[in-house]
Amino acid sequence: MSDHVVLHVKGRVLVGPEDVRDELWAVDGRITYTRPSGDALTVEGWALPGLVDAHCHVGLDQHGPVDDITSEKQALTDRDAGTLLIRDAGSPSDTRWIDEREDLPKIIRAGRHIARTRRYIRNYAHEIEPPELVAYVAQEARRGDGWVKLVGDWLDRDAGDLGACWPRAEVEAAIAEAHRLGARVTAHCFAEDSLRDLVEAGIDCIEHATGLTEETIPLFAERGVAIVPTLVNIATFPKLAEGGEKKFPRWSAHMRRLYERRYDTVRSAYDAGVPVFVGTDAGGSLAHGLVAAEVEELVKAGIPPLEALSATAWGARAWLGRPSLEEGAPADLVVYEEDPRADVRVLAAPRRVVVNGRVIG
């Protein structure tokens, strides 16, 4: 577009974990490594591709869908934290209008959550029964941007604990249908007992994955099934457990156990070769803009800092099929005062955020 100012980013451009260049330019909103003619606005520092939040909900709060003004505030909060690519892991709101805004993050949508009747947060999901699963997965695969989101387990009030939501046969058919339509499938899973069926049925990703065990981790690694641990969300488990103690003591005890072993679970998965990516679960009860905190949590869990950084940068973008800082890619990048590879806490303080070649902050 003609109203873009030519931007010159100089210092250290982290094109990849070890591919460091001295400068790049943004011309008409696109990256180039060939010096253009004429004047340019110069920004200096350590540049990363725009960060990825692979589990975020724009258009959703703790009560359900929100209006466009609230959705915009959510997207702006993520953007100002350096998150420029979001995989929206389920939203009941239509946020397609965001695609027309050159100042907001790019969103990869998974459509609306698909859950069992009365087995998820009210006003969030399509609440259906197993015979309807294939049809609803097909519907959301067509509405989304290459992803579908299932609720794999939730509190079973009759059992008083977490329980799997879908029979094996129905979930196999639903995942096959999503794949036929060119969409990948992910599922919310806190507990242990839904994981084997989902992975063996061909699922592509599991959200939270607190129920991973030494029996199921090798299966994930063998099948290449990714996890998005959302550790900043798992930090809320003790409070949730306290709130449900009187009515559902088994569930409360289970949630505490999952919380207590959360770091060991993530580290064991990583050590086994399971792909791990950054997601915050913002937009339900959690605030937006927490991507830096989630990267720090992954490091606390024992993931090497460079790998934790890749899980929100180069690696995450490759997994989602989106470019990083390649020639011709959209000029979405974040500039920091210091090298984020040396200390991931640097991510919490972006010096400049650049969206489509425009300096935002």
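For the structure itself, consult the block above.
Now for a look at the structure at hand. (Residues numbered from 1 in each chain as written. Predicted model: local features only at pLDDT ≥ 70, side-chain atom pairs only at ≥ 80, totals over all residues. Heavy atoms only, no water.)

### What about the overall build of the protein chain?
Where we set the bar: A run of H or I in DSSP counts as a helix once it spans at least four residues, and a run of E counts as a strand once it spans at least two, with each numbered from the N terminus. Within these notes, the globule rule equals 2.2 Å times the number of residues to the 0.38 power, and the radius of gyration is based on C-alpha atoms. The cut-offs for exposure are 20% and 50% of the maximum accessible area for each residue type, with area from a 1.4 Å probe on protein chains only; residues under the lower value are buried, those over the upper are exposed, and the others partly exposed. Throughout, a residue-residue contact means that at least one pair of heavy atoms, one from each residue, lies within 4.5 Å. What sets the accessible areas is the Shrake-Rupley method with a 1.4 Å probe; for residues, cover comes only from the shown protein chains. For the purpose of counting charges, residues Lys and Arg are taken to be positive, whereas Asp and Glu are taken to be negative. His and the chain ends are not included. A single reference atom marks each charge: NZ on Lys, CZ on Arg, CG on Asp, CD on Glu.
Helix and strand content of the protein chain: 12 helices and 20 strands. Compactness check: the protein chain gives a C-alpha radius of gyration of 20 Å against a globular reference of 21 Å for 361 residues, within 12% of the reference. Reported as C-alpha extents along the three principal axes, the dimensions of the protein chain are approximately 70 × 40 × 35 Å. Residues counted as buried form 55% of the 361 residues belonging to the protein chain. Within the protein chain, contacts between residues separated by at least 24 positions form 65% of all contacts whose residues are at least 6 apart in sequence. Carbon and sulfur atoms provide 48% of the accessible area of the protein chain, an area that totals close to 14700 Å². Averaging the coordinates of the 43 positive side-chain charges in the protein chain and doing the same for the 59 negative ones gives two points 2 Å apart.

### Re the pairing of strand β18 (residues 333-336)
The line we're drawing: Strands are treated as partners if at least two bridges between them are detected by DSSP.
Here β18 shows a buried face lined by Leu-333 and Val-335 and a second buried face lined by Val-334 and Tyr-336. When strand β4 (residues 41-49) meets β18, the two strands line up antiparallel, connected through 4 bridges. Bridge pairing in β18 places Pro-49 opposite Leu-333. Judged from the 3 bridges that link them, β18 and strand β19 (residues 352-355) form a sheet pairing that is antiparallel. Across the sheet, the residue bridging to Val-335 is Arg-352, located in β19.

### Here's the deal with a nonpolar patch on the surface
Filter applied, for reference: Patches in this entry comprise residues that are over 30% relatively accessible and not in a salt bridge; like charges within 9 Å are linked, as are nonpolar side chains (Val, Leu, Ile, Met, Phe, Trp, Tyr) within 5 Å. The working definition used for a salt bridge is a side-chain nitrogen of Lys or Arg within 4 Å of a carboxyl oxygen of Asp or Glu.
There is a patch of nonpolar side chains on the surface, built from Val-5, Leu-41 and Val-359 and spanning about 230 Å² of accessible area. Within the secondary structure, Leu-41 sits in strand β4.

### Here's the deal with a positive patch on the surface
There is a patch of like positive charges on the surface, built from Arg-118, Arg-122, Arg-157 and Lys-247. Structurally, Arg-122 can be placed in the loop between β10 (114-116) and β11 (126-128). Here Arg-122 falls in the exposed class, since its relative accessible area comes to 67%.

### Re the state of the cysteines
Defined as follows: Any two cysteine sulfur atoms within 2.5 Å of one another count as a disulfide.
In the structure shown here, the tally under the stated rule is 0 disulfides. Left without a disulfide partner, Cys-56 is nearest to the cysteine sulfur of Cys-205, which lies 15 Å away. In this model Cys-189 remains outside any disulfide bridge; the closest cysteine sulfur is found in Cys-165, 8.4 Å from its own. For Cys-189, a relative accessible area of 0% puts it in the buried group.

### Here we look at the sheet that holds strand β9 (residues 106-109)
What counts, and what does not: An axis is simply a line fitted to the C-alpha atoms; with a helix, the fit covers only the stretch in contact. Between two such axes, the angle follows the N-to-C directions and lies from 0 to 180 degrees.
The strand order β5-β8-β9 describes an open sheet built from 3 strands, whose pairing is parallel. Whereas interior strands pair on both sides, the edge strands pair on one side only; in this sheet they are β5 (51-56) and β9. Sheet twist, expressed as the mean angle between neighbouring strand axes with direction ignored, is 20 degrees. With 4 bridges connecting them, β5 and strand β8 (residues 83-88) associate as parallel partners. Across the sheet, Asp-53 pairs through a bridge with Ile-86, a residue of β8.

### Quick word on unusual backbone geometry
Look at Asp-28: it is not a glycine, yet its phi comes out positive at around 55 degrees. Residue placement: Asp-28 occurs in the loop between β2 (20-27) and β3 (30-32). At Arg-118, a position not held by glycine, the phi torsion is positive, near 60 degrees. Note on placement: Arg-118 falls in the loop between β10 and β11. In this structure Arg-118 comes out as exposed when scored by relative accessible area, which is 58%.

By themselves, these observations are geometric and do not establish any function.
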